[in-house]
Amino acid sequence: MGAATRGDEKRPEGGGYTATGPAADLVARLDAALEGEAYGDAFSRGRYATDASIYQIMPRAVVVPRTMADVEATLAIARAAGVPVLPRGGGTSQCGQTVNDAVVIDFTKHLNRILSVDTVNATAEVEPGLVLDHLNAALKQHGLWFPVDVSTASRATLGGMAANNSCGARSIRYGTMRDNVLGIDALLADGSRMDFGPVPQDLAGVNSPSPKHDLFRELLDLGQREAEEIKARFPDLMRRVGGYNIDALVPNGPANNLSHLLVGSEGTLAVSEKIKLQLAPLPKNKVLGICHFPSFYEAMDSARHLVTLGPTAVELIDRTMIELSRDIPLFRPIVDRFVRGEPEALLLVEFAEEDQDENLRRLQTLGDMMAALGFRWGDAGKKDGGVVEAIDPDFQKQIFGVRAQGLNIMMSMKAEGKPVSFVEDCAVRLEDLADYTQRLTEIFHKHGTTGTWYAHASVGTLHVRPVLNLRLDNDVKAMRAIAEEAFEMVREYRGSHSGEHGDGIVRSEFHREMFGDRMVKSFEWVKDRLDPDALLNPGKIVRPPKMDDRNLFRYPPDYKVPELRSVFDWAGYPGAGRGLQGAVEMCNNNGACRKIGDGVMCPSYRVTRNERDLVRGRANTLRLAISGQLGPEAMTADAMAETMKLCVSCKGCRRECPTGVDMAKMKIEVLAARAEKHGLSLRDRLIAKLPHYAPWAARFAGLMNLRDRLPGAAKLSETLLGLSAERRLPLWHSEPYRPDPGENEAAEVILFADTFNRYFEPDNLRAAETVLRRAGLKVGHALPENSTRPLCCGRTYLAAGLVEDAKAEMRRTIAAVKPMLERGGFVVGLEPSCLLTFRDEAPALLGDDWSVELGSRVLLFEEFIARKQEAGDFDLPLGSLAQNKALLHGHCHQKAFNAVTPVQQVLGKIPGLAVDLVESSCCGMAGAFGYQAETLEVSRAMGELSLLPAVRAADKDTIVVADGTSCRHQIADGSNREAVHVAVVLERASRAPESHELGMQ
């Protein structure tokens, strides 16, 4: 058996996790031969059946190699079985390159190393699974970077970029992937190794006779023989990435770099083992001008003039993208800052010369050129427009961050019709760009649709997507007609029909029309010479299927989601389950969740690097399940539970997924269905019902806390309940928070006491109440009407799938606080996961009983104070503390609701206190997740990603601040440091003129 390590997918599975028939035999042979993993079950294969294109093809098996020897073994076994092989990186291809009826080899988990960096010659050698951002992060210390800066840099692998001949926003300065690849060491389909790089025409130095010499001789002979045809047929544009790069074989100087034949070959000719890259000096200075235009045509017509100023990038953002960006909370504040008025189009013009004064001079010239072209705000003789300047590097990064998410922003449309990629990357000369875009728009209108536009105006390659619903036969026919008419127009302009994202299924079919029969025969000769048995990713570039073969679509003719029960109202989304179908189908597979740098999502993937433990992987599994493609009981199967097992419901995707896939809510849908069918374990019931028995348990706090004091008790709880003996459970407090009933009628704010702080850390609630009262506020309390049992948000019930119980708890609380909210008051609480339930899940669960508007008046303690401070209505003198530094960790739900900034604001009011925010993902505790024996190691690994090392590195006089109960416990367990709620810090600082000594370690 292949080795299994922490976080690997190789676990005993049921409910669909057993491959049968020929697949089982193939997987058994692979599994026996590999050090890595092999999967043949429908759930695992389904996660690799799609990429960011419109296509879906179920693979035969999935291999996650640990070494290149595993790749060799996979090729050998597949070759013997007559089964194709598909090398795959991040799976973000938009043309169907990375789906096939094949054994998929996922290089991203293990074969992702930087093998060497030569700083003198500015080169690097890398494995194909290395992600571009990870490479550039490592190169930064050397003042270098790899400048093919694709928008998917956070998940695009260098192997995938080489396979697609990727380009990026700054290709006008740095060229395409082909221009920056020096050599590729590869495995051929027959298993032989061969290094592709510069070779002289006479092949001096290449041993003869040898297979390598014979192959290279025949390739170079092809280039010499077809030189005139290549010159006549290949468009004279940088952005031609269609077909094979057989122009690299044409005699051209003292040597030909034969690795350029593999670049853009989409894994059809060889499997990359090592890629040698040309690096570039990292730009030290940049400025950015955001050019505003009142019409799209004028923006396109101006691009040819703006490039004469020598920019490193000229990127388009159209009106549709501006409007959609404003609908995404993550992007709205950024867009509002750099967009002035209501332009129809923007061109982002970047200058990155060594001398910043030169950059500023060019930025000034840009403004002058815009005025000369007729655009200047406030000038009666000119049209509305001009340049917004971005000189601050962080501001520039934020703007390009919006641009980089262009695809996902465009795909955030909630309707069934979506912008579809098939004529997306046509490239034309800049002097033809305006007319081309106008004529293409007319083609769209002719077929009853419109298009979205963005990307590389600098090189005449615009990402254009007509909006179509490919579930409808008429729209599929429209796609075909638009493609044929668009490519005919591209030929007229001597342009390229494939300008960046490659060929795949969607464009390979059109090579004959674009290049001619003779060129296609040359392509076929190359394929057959290197891969005579069509083992490697067949059907791409040569001998492709029809691009509109609906049997290959993600939504084929028989695709249907039957009506299903959902616990949430997925308002605004189409389809079954009150919109659950539409919400799940929002995942376009572009893979933004595969990032591991900034932000929160997806913390489980950051630890395991498994496709399963990813928002995309889970969304694909859900889509296949609700549409019946994984069997009739897939939603409640063990395999589905395993798919959701490591989702910590951090809500990072709620904010950071540009298409809004909310996996935390979707997990509740799965949990609810499973609980209804299978019931709950004793452990899950104990955790879910904690608010119900907490008043009783608190009376026997000493007894309840014996678990971690009596020898053997912790181990027994692990055996009986699955609660890890290596974790200390929270201590019940003998004096829980019991506020005086008081009169809520006169209160200005209601303090909601959540179960966790009430029974385990009541001093936090006492500190919060003290702070509010010291500020002169009249504080009321959320109290039950007809019960002695305190109120609850329902969070623990939701986490177990007991939705009706959760709703009952929410309604009890709502009955107590609604009168206050309706007369304009606020409810304030401490625990983010509890309070924010009323802003997130409650409106989608309770219908008319609760609204988004009422939920907006339920605030976290620090949100409320920050609002009052900004309004000048919070009179609380604060004194300095003995400590002058605070290290702040934001709870995941705070981050999801943009509620970390208020913590920084209120702490910033304490004199002399410097606040440092930890750039962290989920702490890893996530409620019960970190206490479970089966998820303990993953929980700890999440904490070790960034949070725990940062806490350990802080000096002992630094106050560690964390508002989440789970976060504080993870910090205590993982660093032996105490973390405190912001309410405690404020209470101590408000003791003037008392001592402000916190006395914390």
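The structure reproduced in this document is the subject of the present report. All figures in this text were calculated on a predicted structure; none of them were measured in a lab.

## Concerning the overall build of the protein
Here is step 1 of the chain: Helix and strand counts for the protein come out as 44 helices and 28 strands.
Here is step 2 of the chain: For 1001 residues, the compact-globule formula gives about 30 Å, and the C-alpha radius of gyration of the protein, at 30 Å, lands near that figure.
Here is step 3 of the chain: Dimensions along the principal axes, computed over C-alpha positions, put the protein at roughly 95 × 75 × 60 Å.
Here is step 4 of the chain: In the protein, which comprises 1001 residues, the proportion classed as buried is 63%.
Here is step 5 of the chain: Looking at the protein alone, contacts between residues at least 24 apart form 73% of all its contacts between residues at least 6 apart.
Here is step 6 of the chain: Here the protein displays about 36500 Å² of accessible surface, and carbon together with sulfur accounts for 50% of that area.
Here is step 7 of the chain: The average position of the 119 basic charges and that of the 134 acidic charges among the side chains of the protein differ by 3 Å.

## Section: the sheet that holds strand β4 (residues 103–106)
What holds strands together in a sheet is hydrogen bonding between their backbones, with the strands either parallel or antiparallel.
Here is step 1 of the chain: An order of β1-β2-β4-β3 is seen for the 4 strands of this open sheet, with the pairing classed as mixed. Looking at which strands have only one partner, the edges of the open sheet turn out to be β1 (37–39) and β3 (85–88). Sheet twist, expressed as the mean angle between neighbouring strand axes with direction ignored, is 20°.
Here is step 2 of the chain: Sheet topology note: the β3/β4 ladder contains 4 bridges and is parallel. Residue pairing in the sheet places V85 in a bridge with V103 of β4.
Here is step 3 of the chain: Set on the sheet, helix α3 (residues 68–81) makes contact with β2 (61–64), β3 and β4; between it and β4 the angle comes to about 175°.

## Comments concerning helix α4 (residues 132–139)
Here is step 1 of the chain: Taken together, the buried positions of α4 are occupied by L132, L135, N136 and L139. Buried residues in α4, looked at end-on, bunch into an arc of 95°, giving them a common side.
Here is step 2 of the chain: The inward-facing, buried residues of α4 contact β5 (114–118), β6 (123–126), β7 (144–145), α5 (158–164) and β12 (271–278).

Rules used in this analysis
- Residues numbered from 1 in each chain as written.
- Predicted model: local features only at pLDDT ≥ 70, side-chain atom pairs only at ≥ 80, totals over all residues.
- Heavy atoms only, no water.
- Helix = DSSP H or I, 4+ residues; strand = E, 2+ residues; numbered from the N terminus.
- Rg over C-alpha atoms; globule rule 2.2 N^0.38 Å.
- Buried < 20%, exposed > 50% of the residue type's maximum accessible area, 1.4 Å probe, protein only.
- Contact = heavy atoms within 4.5 Å.
- Areas by Shrake-Rupley, 256 points an atom, 1.4 Å probe, with all protein chains shown as cover.
- Lys, Arg positive; Asp, Glu negative; His and termini not counted.
- Charge placed at Lys NZ, Arg CZ, Asp CG, Glu CD.
- Pairing = 2+ DSSP bridges.
- Axes fitted to C-alpha atoms, helices over the stretch in contact; angles between N-to-C directions.
- Arc of directions from axis to C-beta.

As far as function goes, none of this settles anything; it's purely spatial.
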